[in-house]
Amino acid sequence: MLQPMTAKELEYIADSMSNEDLLMKQCAAVVSVATTPAIKNCCSQMIQMHQQHYDSLMHAIEHHQQMAPTQPQ
C-alpha cells in the first residue's frame, strides 16, 4: 500500500516543478527569438516535454493530497 509522501519528498517535487517551469520559459524565450526552424522546432518539443514532466509532478501532488491524513498524527 502506498503511503503519503514526506515533507522532504513534497519539497523535492515542488522544487522540480519550479525547475520544469523555468525550463519551459527558457525554451519559449528561445523560440521567440530563434530564426532557424530546426531550433524553433527542437525548443517547441522541449516545451512539450517539460510540460509533461510538470503535469506528472502535479499529478503526484494531487494523488498525495488524496492520501494524506486530514489530522496531524
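What this report covers is the structure whose coordinates are included nearby. (Residues numbered from 1 in each chain as written. Predicted model: local features only at pLDDT ≥ 70, side-chain atom pairs only at ≥ 80, totals over all residues. Heavy atoms only, no water.)

Observations regarding the overall build of the protein chain
- Of regular secondary structure, the protein chain possesses two helices and zero strands.
- Taken against the 2.2 N^0.38 rule, which gives 11 Å for 73 residues, the C-alpha radius of gyration of the protein chain at 17 Å runs more than 25% over that of a compact globule.
- Principal axes of the C-alpha set define a box for the protein chain whose edges measure 55 × 20 × 15 Å.
- For the protein chain, buried positions account for 18% of its 73 residues.
- Excluding contacts between residues fewer than 6 apart, the proportion of contacts in the protein chain whose partners are at least 24 apart in sequence is 67%.
- For the protein chain, the exposed area adds up to about 5700 Å²; of that, 59% sits on carbon and sulfur atoms. (Helix = DSSP H or I, 4+ residues; strand = E, 2+ residues; numbered from the N terminus. Rg over C-alpha atoms; globule rule 2.2 N^0.38 Å. Buried < 20%, exposed > 50% of the residue type's maximum accessible area, 1.4 Å probe, protein only. Contact = heavy atoms within 4.5 Å. Areas by Shrake-Rupley, 256 points an atom, 1.4 Å probe, with all protein chains shown as cover.)

What about helix H1 (residues 7-33)?
- Between its first and last C-alpha atoms H1 spans 40 Å; for 27 residues at 1.5 Å apiece the expected length is 39 Å, and the two agree.
- Those residues of H1 that fall on the buried side of the exposure criterion are Ile13, Ser16, Met17, Glu20, Met24, Cys27 and Val31.
- Buried positions along H1 lie against helix H2 (37-67). (Expected span 1.5 Å × (residues − 1).)

Describing the environment of Gln52
- Mapped onto the elements of the fold, Gln52 is located in helix H2.
- Residue Gln52 is classed as exposed on the basis of its relative accessible area, which comes to 53%.
- Sequence spacing of Gln52 and Ala34 is 18 residues, and the spatial spacing of their C-alpha atoms is 23 Å.

Examining the side chain of Glu20
- Among the structural elements, Glu20 can be located in helix H1.
- With no salt bridge to any partner, buried Glu20 finds its closest opposite charge in Lys25, at an N-O distance of 13 Å.
- Not counting residues within four places of it along the chain, the set of residues in contact with Glu20 comprises His50, His53, Tyr54 and Leu57. (Lys, Arg positive; Asp, Glu negative; His and termini not counted. Salt bridge = Lys/Arg side-chain N within 4 Å of Asp/Glu carboxyl O.)

Re the pattern of salt bridges
- Counted under the stated rule, the structure contains one salt bridge.
- Ionic pairing is found between Asp21 and Lys25, a salt bridge with its closest N-O pair at 3.1 Å. A residue pair is termed a helical-turn pair when its members lie 3 or 4 positions apart in one helix, as Asp21 and Lys25 do in helix H1 at four residues.
- Judged by its relative accessible area of 53%, Lys25 falls in the exposed class.

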